[in-house]
Amino acid sequence: MKRIASLLLIGTALTATGCARVRGHQGYLADQTLIAGIQPGIDNRGSVEKTLGRPTFGGQFDAKDWYYVSRETKQLAFSQPKPVSQMVLHVRFDAAGNVAAIDKTGVEKVASINPIKDKTPTLGRHSSFFSEVFGNIGTVGSTTPGAATQDNPGGSSGN
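Engineer: Whenever I open this one, the overall build of the protein confuses me. Can you help?
Structural biologist: Within the protein, the regular secondary structure consists of four helices and five strands. In sequence order, the secondary structure elements of the protein are arranged as α-β-α-α-β-β-β-β-α. Counting every position in the protein, which comprises 159 residues, the buried fraction comes to 16%. Sequence separation of at least 24 residues holds for 43% of the intrachain contacts in the protein that already meet a minimum separation of 6. On the protein, roughly 12,700 Å² of surface is accessible, and the fraction owed to carbon and sulfur atoms is 58%.

This is the structure:
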């Protein structure tokens, strides 16, 4: 009886360890004191880089924008990670390289999308399975070489 109880206890312990919560961090390690030290009109590119480090990425179309991105996630066992908190610090520079503005956004900007579905939505006509399979019968073209077809009304010379 003791042996069964100990095996049951070990089995329960092993099962419970598979359901542990996993916390993760991605991106920039934000220090709020350092971020608060960056002031528009006072700091420039060099001082921002010395204070905050290199940005996570620069602007796609303009080198005047720097982004520092940080995200905390949690997940249970084998489920998908879910964002707990997120910070995107957007530092904008003017033409002279001085800080023009600082914007900070959070987890409210996280969009939840589900790209995996049974069907891909398309525009245009809706056809059945049989019209997809047999729809081209009779519309592919003529059996006479060089004759005009629907997609080549002038025909070809057969060269």
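Engineer: I would appreciate a short explanation of the packing of aromatic side chains in the present structure.
Structural biologist: The way to describe two aromatic rings as a pair is by their centre distance and the angle between their planes. Under the defined criterion, the tally for this structure stands at four aromatic pairs. Aromatic pair Phe 57 and Tyr 67: ring centres 5.0 Å apart, planes at 20 degrees, arrangement stacked. Here Tyr 67 lies in strand β3 (residues 65-76) and Phe 57 lies in strand β2 (residues 57-58), a separation of ten residues in the sequence. With a relative accessible area of 43%, Phe 57 lands in the partly exposed category. One Lys or Arg, Arg 45, reaches over the ring of Phe 93 and ends 4.6 Å from the middle of that ring.

Engineer: So what exactly am I meant to see when it comes to the environment of Gly 59 here?
Structural biologist: Structurally, the position occupied by Gly 59 is in the loop between β2 and β3. Residue classification places Gly 59 among the partly exposed residues on the basis of a relative accessible area of 22%. Residue contacts for Gly 59: discarding those within four places in its chain leaves Asp 65 and Tyr 67.

Engineer: Teacher, can you tell me more about the environment of Thr 51 here?
Structural biologist: Mapped onto the elements of the fold, Thr 51 is located in helix α3 (residues 45-52). For the pair Thr 51 and Ile 35, spaced 16 residues apart in sequence, the C-alpha separation works out to 8.2 Å. The contacts of Thr 51, once residues within four sequence positions are left out, are Leu 34 and Ile 38.

Engineer: What's the story with the environment of Glu 72 in this structure? I'm lost.
Structural biologist: If you trace the backbone, Glu 72 turns up in strand β3. Sequence-wise, Glu 72 and Gly 24 are 48 residues apart; in three dimensions their C-alpha atoms are separated by 5.8 Å. Among residues more than four places away in sequence, those in contact with Glu 72 are Gly 24, His 25, Lys 82, Pro 83, Val 84 and Ser 85.

Engineer: Explain the nonpolar core here, please?
Structural biologist: Generally speaking, nonpolar side chains in soluble globular proteins are found buried as a group. Counting twelve residues, the largest nonpolar core consists of Tyr 28, Ile 35, Ile 38, Val 48, Leu 52, Trp 66, Tyr 68, Met 87, Leu 89, Val 91, Phe 93 and Val 99. Looking at this core, the elements with two or more residues in it are α3, β3 and β4 (82-93). It is β4 that provides the largest number of residues to this core, a total of four residues. Among all residues touching Val 99, those that are not within four sequence positions of it are Ile 38, Gln 39, Pro 40, Gly 41, Asp 43, Asn 44, Val 48, Val 91, Arg 92 and Phe 93.

Engineer: Quick question: what am I supposed to make of the side chain of Asp 43 here?
Structural biologist: Its place among the elements puts Asp 43 in the loop between α2 (32-36) and α3. One buried charged residue, Asp 43, remains without a salt bridge, the closest side chain of opposite sign being Lys 50 at 10 Å. Side-chain polar atoms of Asp 43 contact the backbone nitrogen of Gln 39, separated by 2.8 Å. A polar atom in the side chain of Asp 43 sits 3.1 Å from the side chain of Ser 47. When near neighbours in sequence (up to four residues on either side) are disregarded, Asp 43 contacts Gly 37, Ile 38, Val 48, Asn 98 and Val 99.

Parameters at a glance
Residues numbered from 1 in each chain as written. Predicted model: local features only at pLDDT ≥ 70, side-chain atom pairs only at ≥ 80, totals over all residues. Heavy atoms only, no water. Helix = DSSP H or I, 4+ residues; strand = E, 2+ residues; numbered from the N terminus. Buried < 20%, exposed > 50% of the residue type's maximum accessible area, 1.4 Å probe, protein only. Contact = heavy atoms within 4.5 Å. Areas by Shrake-Rupley, 256 points an atom, 1.4 Å probe, with all protein chains shown as cover. Phe/Tyr/Trp six-rings, centres within 6.5 Å; stacked < 30°, edge-to-face > 60°. Lys NZ or Arg CZ within 6 Å of the ring centre and 35° of its normal. Core = buried A, V, L, I, M, F, W, Y, C linked by side-chain atoms within 4.5 Å. Lys, Arg positive; Asp, Glu negative; His and termini not counted. Salt bridge = Lys/Arg side-chain N within 4 Å of Asp/Glu carboxyl O. Polar contact = N/O pair within 3.5 Å; in protein donor to acceptor, adjacent residues only side chain to side chain.

Spatial relationships are all this shows, so hold off on functional conclusions.
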